[in-house]
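Residues per chain are reported as follows:
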Amino acid sequence: MLFLRWVPSIVWMAVIFYLSSRTGSDLQGMFPFLDSFNFGHLIAYFILSLLFYWALQTKTGRRKLDVRLIAVGLSLLYGLTDEWHQSFVPSRSPDPIDILNDVIGASAAMLVVTWYSLRKKASSKL
């Protein structure tokens with residue numbers, strides 16, 4: 001059953017892999033409303049980090065901070081492999097700014113999780 005918690009993460013990584021396999025003009029056709037794909041990286045890795053966080057939530061006794069750091073770390077690792085993958089796609093190349101945007105998106109997701117859990121804890125004390 002634990003494997004099932006990882007299915008959404010795996011599916012989302014496949015979506016990212018698919019999008020990374022497209023050329024820049026293909027992506028512009030799919031997302032004409034985006035001037036730059038920096039925002040796309042932020043959103044994609046925001047979601048990936050949330051999915052990793054959810055998959056890592058088990059009754060193993062891990063502290064929530066550890067789980068959040070692991071979720072960001074896994075997102076970073078996947079971002080690195082994604083950039084390497086892009087080096088094989090015509091008209092695409094690895095970009096350190098994309099990695100930065102991936103980490104910012106993943107970290108923002110964990111900040112939202114932290115904010116939500118603190119808010120939930122405060123309201124339960126009322």
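See the structure above.
Residues numbered from 1 in each chain as written. Predicted model: local features only at pLDDT ≥ 70, side-chain atom pairs only at ≥ 80, totals over all residues. Heavy atoms only, no water.

Asker: Before we move on, can you summarise helix α1 (residues 7-20) with the specific residues and values?
Answerer: Taking 1.5 Å of rise per residue, 14 residues should cover 20 Å, and α1 covers 20 Å from first to last C-alpha, within 8% of that figure. For α1, every residue scored as buried is listed here: Ser9, Met13, Ile16 and Ser20. Projected down its long axis, α1 carries its buried residues within an arc of 60°, all on one side. Check the buried side of α1 and you find it contacts α3 (38-56) and α4 (64-86). (Helix = DSSP H or I, 4+ residues; strand = E, 2+ residues; numbered from the N terminus. Expected span 1.5 Å × (residues − 1). Buried < 20%, exposed > 50% of the residue type's maximum accessible area, 1.4 Å probe, protein only. Arc of directions from axis to C-beta. Contact = heavy atoms within 4.5 Å.)

Asker: Describe the nonpolar core, and please don't skip the residues or the numbers.
Answerer: By size, the foremost hydrophobic cluster in this structure holds 16 residues, and its most contacted members are Ile16, Tyr45, Leu48, Tyr53, Ala71, Tyr78 and Met110. Elements with a minimum of two residues in this core: α1, α3, α4 and α5 (96-124). Here this core takes 6 residues from α3, the largest share from any one element. Residues in contact with Ala71, not counting those within four places in the same chain, are Ser49, Phe52, Tyr53, Leu56 and Met110. (Core = buried A, V, L, I, M, F, W, Y, C linked by side-chain atoms within 4.5 Å.)

Asker: Which residues make up the packing of aromatic side chains, and what values do they have?
Answerer: In this structure the tally under the stated criterion is 2 aromatic pairs. Ring geometry for Trp6 versus Phe52: centroids 6.0 Å apart, planes at 55°, classification tilted. Note that Trp6 is positioned in the segment before α1 and Phe52 in helix α3, a separation of 46 residues in sequence. Among the residues examined, Trp6 registers a relative accessible area of 23% and is labelled partly exposed. The interplanar angle of 85° and the centroid separation of 5.0 Å between the aromatic rings of Trp84 and Phe88 together place this pair among those described as edge-to-face. When its relative accessible area of 57% is taken as the criterion, Phe88 is described as exposed. Arg5 extends its terminal NZ or CZ atom over the ring of Trp54, reaching a point 4.1 Å from the ring centre. (Phe/Tyr/Trp six-rings, centres within 6.5 Å; stacked < 30°, edge-to-face > 60°. Lys NZ or Arg CZ within 6 Å of the ring centre and 35° of its normal.)

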